[in-house]
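# Chains, contacts and geometry: an overview
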Amino acid sequence: MKKAAKGVSAILAASLVLLLAACGGGTEAKSGEKSLYERGLEVVSLMAEMAGSDAYLSAYSDNGEIREILSGAGAGDFSSPEAVYRVKIPAVALWGIAQMPAGGELPEPLREEIESKILTAFVSRINAMGGTAALAAASICTAGTLFVDEELTENTLYLYVFENAVPAAVVFLPGEDGAVSATGMLILCDGFDVDVLEGSGQLFGQTGIELEQIDG
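Residues numbered from 1 in each chain as written. Predicted model: local features only at pLDDT ≥ 70, side-chain atom pairs only at ≥ 80, totals over all residues. Heavy atoms only, no water.

## Brief notes about the sheet that holds strand S1 (residues 83-88)
- The six strands lie next to each other as S2-S5-S4-S3-S1-S6, forming an open sheet whose pairing is antiparallel. A strand with exactly one partner marks an edge of an open sheet, and here the two such strands are strand S2 (143-148) and strand S6 (210-213). Strand-to-strand twist in this sheet, taken as the mean axis angle between neighbours without regard to direction, amounts to 25°.
- The pairing of S2 with strand S5 (residues 179-186) spans six bridges and is antiparallel. In the strand pairing of S5, Ala143 is matched with Gly184. (Pairing = 2+ DSSP bridges. Helix = DSSP H or I, 4+ residues; strand = E, 2+ residues; numbered from the N terminus. Axes fitted to C-alpha atoms, helices over the stretch in contact; angles between N-to-C directions.)

## Focus on the environment of Gly144
- Its location among the elements puts Gly144 in strand S2.
- The exposure class of Gly144 is partly exposed, given its relative accessible area of 45%.
- Linking Gly144 and Val44, residues 100 residues apart in sequence, is a C-alpha distance of 9.1 Å.
- Excluding its chain neighbours within four sequence positions, the residues that come into contact with Gly144 are Val43, Ala182 and Thr183. (Buried < 20%, exposed > 50% of the residue type's maximum accessible area, 1.4 Å probe, protein only. Contact = heavy atoms within 4.5 Å.)

This is a description of form; function is not addressed.
In structure tokens:
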């Protein structure tokens, strides 16, 4: 089985199982430190390099449709975002998207573990709306990094929007001792627009999702 196929199965499973809890805000950078905005943009740049590299793509898939999706994405201009948003998703909306009871009755460690994964699964589900090829393509070019930011205390999702490139999402998850993991994914669902997120009820039938624009 091709590596891409294995990646699709893993992402699909994660998308179905882990769509469950809540997210929150971000943090400002201290003097001399990189902001979340800058950290996320570095992850986006790495994903753009992946999508634009024939050598990288050939190592993961020989599927024509997947390669076409990524080649088109890699040709975009990711040099400067048109806008960057912090996406705020109420817990009730995420539980509704997952079509599961609220997590208040779960043991705290389990609920926290689920919450640490929810935003990445949320982005995966958006890509799944574009079909399995879009989901597989996005999984191939997923990128991440680790850094220290003692100010970040809540799971945070940034959405990067470009004039001549596909959108990209970066999820920041705080851990112990100030450690933060950042995971990025290109949004390859045709027709996706930020308007479907913000309180419109068009995304998975849920309302209350808000966008807060972030300055670089």
